[in-house]
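A closer look at the structure
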Amino acid sequence: MLEVKDLHVTVEGKEILKGLSLTVNPGEVHAIMGPNGAGKSTLSAVIAGNEGYEVTSGSITFEGQDVLEMEIEERAQAGLLLGFQYPVEIPGVKNVYLLKAALNAQRAARGEGEMPAPEFMKLVREKLAYMKMDPSFLQRAVNEGFSGGEKKRNEILQMLVLQPKLAMLDEIDSGLDIDAMKVVAEGVNSLRDSERAILMVTHYQRLLDYIEPDYVHVLVDGRIVKSGDKTLALELESRGYEWVTEESAA
Amino acid sequence: MSGAQTFLNRLEERVSERQAASLPEPTWIVARRQAAAARFEALGFPTRRDEAWKYTDVRRIGEGDFALARDAAFSKAAAAALTLPIEAIRLTFVDGLFSAELSDLSALPSGASVEPLSQALADNHEAVGGALGRLTGVEFSPFSALNTAFTEEGAVIRLAPGTVVELPIVLQFLSRANDAAVMSHPRVLVQAGARSQATVVEHYVGEADAANFTNVVGEILLERGAILNHYKLQEAPLGDFHIASLHVDQGRDSRFTSFNINLGGALVRNDLVSDLNAQGAEASYLGLFFAQGRQHVDNHTLVNHNAPTTFSNENYKGILGDRARGVFNGKVIVKRDSQKIEAYQSNANLLLSDRAEIDAKPELEIYADDVKCSHGTTTGQLDEKAVFALRTRGINEQTARGLLTLAFAGEVMEQVTVDAIAERVERTVAGKLPERFNLTELVDASLNEVHDTGLGEE
C-alpha cells in the first residue's frame, strides 16, 4: 500500500531523513518511535505534502502512485490523511464546512456525486457521538479556542468521516489526559480493518497500550535502525533509546 | 455646462412640475431647497483635492445625467425575490419613490410610527421638516447639500418613550433598470424616545442592469437609554452609484450598533458619524465591504466623544479582489474633559489580487488624558498555514481559499443577530467569490442543514 524507499529529506539545508525505507500493507498498524529530533514527524509531513521539506532522493508510492508527484489535496483524496500534532486553528471556518467540503472533494475525486444532506448529517452526528463531541461543535470554527484534547478529537473526527485508507497520526497522544486518550484511541481503533492501515508516530509507549501496533520501528538519526513487534516498544520504555543506537552503530 | 448645473436644471424642472400639478410646498421648505441648491452650486462636486475625498473620485457621478424617477412601479414577484425574507414592518421605495403596494405596516405596535416622508411632512411639515438637517446640514458635504435641495421622499420613524419594537423595521430601496438612469435623494429620520428599542434595516438592492444614483442622508436621534440596532445592507446593482451619510446623536446611556455591510454598487461612499453627547452613550460600529471587478467602496467613520464615560468600538473588514479599490478612514475625536472614555478601533483588509488596493487610515485625536484608546489596521493575504491545513483534508486550493475568505468576513457576520441578514450575506459573499472560489452550493447546503436539523438552535 505505502512504499517508502531510501528517502532523503532536507529542511532548510539540513538533512533530516537519511535513507528511510518502510513498507506498510493493508490491515497493518505501524508505530514509529524514536528520540526527539530523529525525524519522526518529518516522514508523515513529507507524505502529507508539507512544502517546507525538500526530498533530495528516494521515492514514496501509495497504491502504485507516485506520492511526490501528487498535489496536497490529491493525496488526501486518494486516502492519505495526516492527523496533526498541532492542529491549526482556522478562525471563521465552521467545522461543518470543512467536513462537507472535504468529503465532497473526496467523492468527486472518485467520480461520485455529493452526499445528500440528510445522509451527511446523519453520518456526522453518528461520528460526533462516537467521539463524545457535542453537535453544537459543528457550527464552531475549526479548532478555534479548542483545548488540546478537543483539537485531537477533532482530528480523529475528520478521519472517521473521511475514512482514509492510510491514517497517519503524528503524536496524537501529546497533551491528552487519560480519558481523552481513551476516546481518541477508540476512534482510531474503529478505523482498523483489513483494507486500511495506520501509521503512528509517537514518543511514548503509553499510546500503544490503547492502539496496539503490529510493527514498531525505531527511528534514529534519519533512519529506521530496528523493527519489531509491540514488545519492542515495551523494551524501549524500560531501556530507553540508547541501546538501540549503540546496537545499530556496532 | 458644468456637472453641478446639469443637476440644478433637474431641480428647476421638478419645481415647475410641482407648480403645474398644484402641489405647492410650504414656502420655508422651498426657501431651504433654494439655499441648499445655492450652496451646492457654490461647492460643486468634491474633487480629490478635498481631504475627505482624496481617494474617491466622483467625476462619474458629476458627469452623469440622471433623470428624476416618475413612478414606483415594480412587479410584486420581482420585488419578492429581492426582499429580505423576514417578518418585518416594511417601507419600500422604488428609485426613491414610495410604493404603498410593496410596503407593509400592519405589524406596527402602538407607540411607534413609521411613515414615508411625504406623508409625515403633509401631516406636520413644521415638526418633521424642522427636524431634518439638524444633524446633517448642507455644510456636511456637497452631497448633503444636493440631497437637501432635492429632498422629496424617505422614511420617518418615531418611537415614543419606552416603546419596544420587536420586529425589524425594514426600509427597502429598490433600484430599477430604467431606459434612462435616474437619481434619488432619500432622507431617513429616526427619533427614538427615552428607553425605546428598535432594529432598523436599510436595504439597498435592485435589478441587475440598473445604473442609478442614490444619494441618501440619514439622521438618528437617540434619547436617554434608547437602544437602536442599525443595519445597512447595501447590495445595490453593480452599475449603481451610492452616496450615503448617517449621523447619530446619542443621549445619555443610549446604545447604537451599526452594521454597515457593502457588497454592491459601482461607486460607494458611506459616512457614518456618532456624537456621544452624554455619559454612558455607547456606539458599536461593525463593517464589512467586499468589492471586486472595478468596484470602489469608501467608508468614512467618525466618533465624537463629546462627554465623559462614553464608549465606542469599531471593527471593519474589507475584502478586495480584481482591480477593486477600498477606503477605510476611521476617526475618533475625544474632546477635552471627556475623561474615562474608551475607544477601540480595528480594521483588517484582505487583498485577493495583486491589483486590488486599499487605503486605510485610522485617526485618533485625543484631548483628554484619562482615556483608553486603541486602533490598528492590517492588510494582508490569506493565512497559508490554514490553506495548507484545509488542503491536507482533500479540499482543493481554490475552495480552501474561498472558505478562508468567507471566514474572514465571518468575524463581523457572526455578530449579526438578524438571521436572514447573516444568511443573505454569507450566501452573497460566497456567490461573489471568483468562479474558482465559488462556494455557493456548499454554503447553501450547510445553511439548509442548519434549518432542517435545528442545529442552529443548539
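Computed from a prediction, not measured in an experiment: that's the story for all the values here. (Residues numbered from 1 in each chain as written. Chains lettered and ligands numbered in written order. Predicted model: local features only at pLDDT ≥ 70, side-chain atom pairs only at ≥ 80, totals over all residues. Heavy atoms only, no water.)

Some words on the side chain of Arg424(B)
One can find Arg424(B) in helix α10 (residues 419-432). Leave out the neighbours within four places in its chain, and Arg424(B) touches Leu82(B), Thr83(B), Leu84(B), Pro85(B), His203(B), Val205(B), Leu233(B) and Glu235(B). (Helix = DSSP H or I, 4+ residues; strand = E, 2+ residues; numbered from the N terminus. Contact = heavy atoms within 4.5 Å.)

Some thoughts on the interface of chain B and chain A
Between chain B and chain A, the residue contacts involve 28 residues of the former and 37 residues of the latter. Contact between chain B and chain A buries roughly 2,700 Å² in total, counting both sides, with carbon and sulfur atoms accounting for 66%. Scanning the region where chain B abuts chain A turns up 4 salt bridges. In this structure, Arg393(B) and Glu155(A) form a salt bridge, with 2.7 Å as the shortest nitrogen-oxygen distance. Counting the contacts that link chain B with chain A gives 8 residue pairs in polar contact (both at pLDDT 80 or more). Breaking the side of chain B that touches chain A down by element, the ones donating at least two residues are α8 (384-391), α9 (397-413) and α11 (440-453) of chain B. Among the elements that take part in the side of chain B that touches chain A, α11(B) stands out by supplying 9 residues, more than any other. Tallied by class, the residues present in the side of chain B that touches chain A amount to 15 nonpolar, 5 polar and 8 charged. (Buried area = accessible area lost by both parts, 1.4 Å probe. Salt bridge = Lys/Arg side-chain N within 4 Å of Asp/Glu carboxyl O. Polar contact = N/O pair within 3.5 Å; in protein donor to acceptor, adjacent residues only side chain to side chain. Nonpolar A, V, L, I, M, F, W, Y, C, P; charged D, E, K, R; others polar.)

Examining the packing of aromatic side chains
Residue and element names in this part refer to chain B. Using the criterion set out here, one finds 16 aromatic pairs over all chains in the structure. For the ring pair phenylalanine 45 and phenylalanine 143, a centre distance of 5.6 Å and an interplane angle of 55 degrees mean the geometry is tilted. Taken together, the residues phenylalanine 45 in the loop between α2 (27-43) and α3 (59-62) and phenylalanine 143 in helix α7 (residues 142-150) connect sequence positions 98 residues apart. Owing to a relative accessible area of 14%, phenylalanine 45 belongs among the buried residues under this scheme. Between phenylalanine 173 and tyrosine 204, the aromatic rings sit 4.7 Å apart at their centres with planes inclined by 10 degrees, giving stacked as the arrangement. Highlighted residues: phenylalanine 173 in strand β6 (residues 169-175) and tyrosine 204 in strand β9 (residues 197-206), separated in sequence by 31 residues. With respect to class, phenylalanine 173 is no different from tyrosine 204; both count as buried. Connected via pairs of aromatic rings, a cluster forms that spans Phe7, Phe40, Phe45, Trp53, Phe66, Phe143, Phe213 and Phe241. The ring of tryptophan 53 has arginine 269 sitting right over it, with the charged end atom 3.9 Å from the ring centre. (Phe/Tyr/Trp six-rings, centres within 6.5 Å; stacked < 30°, edge-to-face > 60°. Buried < 20%, exposed > 50% of the residue type's maximum accessible area, 1.4 Å probe, protein only. Lys NZ or Arg CZ within 6 Å of the ring centre and 35° of its normal.)

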